[in-house]
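Reading the structure
Residue-level listing of the chains:
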Amino acid sequence: MTLRGERDQNSLVGGHRLDIVKGNELGLVHIQRETNVHPAHLGTRRMKIAILDDYFDTLRTLPCFQKLKGHEVTVWNDHVQDTDALAARLKDTECLVLIRERTTIQAALLDRLPRLKLISQRSVYPHIDIEACTRLGVIVSSSQHIGTPCYAAAELTWALILAAARQLPQQMAALKAGKWQIGVGMTLREKTLGIFGYGRIGATVAGYGKAFGMNVMAWAREESLAEARADGYATARTKAEFFETCDVISLHMRLVPATRHIVKAEDLARMGPQAMLVNTSRAPLIEPGALVAALRAGRPGYAAVDVFEDEPMRDLDFPLLQFEQIVATPHIGYVTCEEYETQFIDIFDQIIAYAAGQPINVVNPEVLAGTTRQRAGK
């Protein structure tokens, strides 16, 4: 057995030298991998790439990981948010790869990464200080994957709806404890499924509801409501009507200033005692403390969540988890091998494009225009 902090150096796997550190305060494993071949893409430069938060060392098993062949790649399997620790880890990094919003990248850290030139990720970026990146001349490439829903997230949403409706986690736990049936569930057919935010994932979940015989009602901005009507779904006349009418409400919005805390305590109070709220999008869409208070009041009667304000969330006394009528998962909506492959094809292609001198999906184009004040000597 390898003890905490003990190193296993100079291992060779698949042509890579491994530097393995087993054990840390989170019980996860850090694996550093460095390629010892030349860049595979003609006209590109060899880069030092760091990948954060690959909890289960999944990325190197994906076919798309071969896109980084020839670059010096370090994969970190634990989660660290401490600025000093991250600055030490990333001091020589030229390209930083992020897995969604697992690690926050702010000015205090960016100012201490003199060699950083590119951050490559996918989807929205509220966790990145774009202004600081622009000031320091760091390109942020982030594909918005227009037209491509995250089917993995939609599937998990539906799994949570089914699990909460039939009390699957509770029934399973009771059976393992020697009890036979602990309650009566809810049939979804002919119930009303409310889709709050009719985008790519919301539309996909609406299709699942229709397939299960549910009536679908949407509430969103007017442009999205028009799309829902065009797809044959009902739309609410008001937000109040939406919360009063729907038996299951599923949130499907990006977290931007306009949607932060968009679900208020008074909205939840309008839901019925047998209704269910589902959130696989972002926790701050709901007003702080509102869902806990609503569950205590019995309206709605049930909830299913995959997202939390602070992640990773390991607090056994977290208020939301104390309710028997809640089903919760640790932000696994997008965590499938297939979805990882889809996402990291884009992320790695952005690195290849930058290394070839043609960056793509740039969210701070001012850097490309050369109008920003970059670090001395960069």
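Residues numbered from 1 in each chain as written. Predicted model: local features only at pLDDT ≥ 70, side-chain atom pairs only at ≥ 80, totals over all residues. Heavy atoms only, no water.

Some details on the overall build of the protein
Looking only at helices and strands, one finds twelve helices and 15 strands in the protein. The 378 residues of the protein split such that 50% are buried. Taking the contacts inside the protein whose residues are at least 6 apart along the sequence as the reference set, 62% of them involve residues at least 24 apart. Element-wise, carbon and sulfur atoms account for 54% of the exposed surface of the protein, whose accessible area totals about 18,100 Å². (Helix = DSSP H or I, 4+ residues; strand = E, 2+ residues; numbered from the N terminus. Buried < 20%, exposed > 50% of the residue type's maximum accessible area, 1.4 Å probe, protein only. Contact = heavy atoms within 4.5 Å. Areas by Shrake-Rupley, 256 points an atom, 1.4 Å probe, with all protein chains shown as cover.)

Digging into the pattern of salt bridges
Evaluated as defined, the whole model comprises 17 salt bridges. D78 serves as the salt-bridge partner of R89, at 2.6 Å between the closest nitrogen and oxygen. Within this pair, whereas R89 is found in helix α1 (residues 83-89), its partner D78 is found in the loop between β5 (72-75) and α1, the two being separated by eleven residues in sequence. A relative accessible area of 3% means that D78 is categorised as buried. With a shortest N-O distance of 2.6 Å, D84 and R112 are connected by a salt bridge. Remark: R112 occurs in the loop between α2 (107-110) and β7 (118-122) and D84 occurs in helix α1; sequence separation between them is 28 residues. The network of salt bridges with common partners includes K239, E244, D267 and R270. (Salt bridge = Lys/Arg side-chain N within 4 Å of Asp/Glu carboxyl O.)

Considering the side chain of S141
Position of S141 among the secondary structure elements: in strand β8 (residues 139-143). Once you skip the residues sitting within four places of it in the chain, S141 turns out to touch L118, I119, S120, Q121, Q350, I360, N361 and V362.

Things to note about the pairing of strand β14 (residues 302-305)
Every other side chain in a regular strand lies on the same face of the sheet, so the side chains alternate between the two faces. As defined by bridge partners, strand β13 (residues 276-279) adjoins β14 across four bridges and the pair is classed as parallel. For M276, the partnering residue across the bridge sits in β14 and is Y302. Once you follow β13 into helix α10 (residues 290-297) and on to β14, the crossover reads as right-handed. The sheet contact formed by β14 and strand β15 (residues 326-328) spans three bridges and is parallel. What sits directly across from V305, in β15, is A328. (Pairing = 2+ DSSP bridges. Right-handed = clockwise from strand over helix to strand, strands pointing away.)

A look at helix α6 (residues 200-211)
Its twelve residues give α6 an end-to-end C-alpha distance of 17 Å, which sits within 8% of 16 Å, the value for a rise of 1.5 Å per residue. Among all positions of α6, only G202, T204, V205, A206 and G209 are buried. Buried residues along α6 sit against α4 (151-165), β9 (192-196) and β10 (215-219). Phi turns positive, to about 80 degrees, at G213, one or two residues after α6. (Expected span 1.5 Å × (residues − 1).)

Some remarks on helix α7 (residues 222-230)
Every buried residue belonging to α7 is among S224, L225 and A228, and all of these are buried. For α7, the arc enclosing every buried residue in end-on projection is 100 degrees, short of the 170-degree limit, so these residues lie on one face. Facing away from the buried side of α7, by more than 90 degrees, are the exposed residues E222, E223 and A230. In this fold, the buried residues of α7 make contact with β10 and β11 (234-235). Just past α7, the residue G232 takes up positive phi, approximately 95 degrees. (Arc of directions from axis to C-beta.)

Details of the packing of α4 against α6
At a minimum axis separation of 9 Å, α4 and α6 run at an interaxial angle of 45 degrees. By the criterion of interaxial angle, the relationship of α4 to α6 is oblique. For the pair α4 and α6, the sense of crossing is right-handed. Contacts from Y151, A153, A154, E155, T157 and W158 of α4 reach α6 at I201, T204, V205, Y208 and G209. Of the residues belonging to the contact of α4 with α6, the class tally is seven nonpolar, three polar and one charged. (Axes fitted to C-alpha atoms, helices over the stretch in contact; angles between N-to-C directions. Parallel < 35°, antiparallel > 145°, perpendicular 65-115°, else oblique. Left-handed = near helix turned anticlockwise from the far one by under 90°. Nonpolar A, V, L, I, M, F, W, Y, C, P; charged D, E, K, R; others polar.)

Regarding the sheet that holds strand β12 (residues 248-251)
Taken together, the seven strands give an open sheet; going across it, the order is β11-β10-β9-β12-β13-β14-β15, and neighbouring strands pair in parallel fashion. Both edges of this open sheet fall to β11 and β15, since each of them pairs with a single strand only. Of the strands in this sheet, β13, β14 and β15 touch α10, which is tilted by about 150 degrees from β14.

Notes on the packing of aromatic side chains
Taken as a whole, this structure holds twelve aromatic pairs when the rule is applied. Ring geometry for F196 versus F242: centroids 5.8 Å apart, planes at 70 degrees, classification edge-to-face. Pair noted here: F196 is in strand β9 and F242 is in helix α8 (residues 239-245), with a separation of 46 residues, a long-range link. With respect to burial, F196 and F242 carry one shared label: buried. (Phe/Tyr/Trp six-rings, centres within 6.5 Å; stacked < 30°, edge-to-face > 60°.)

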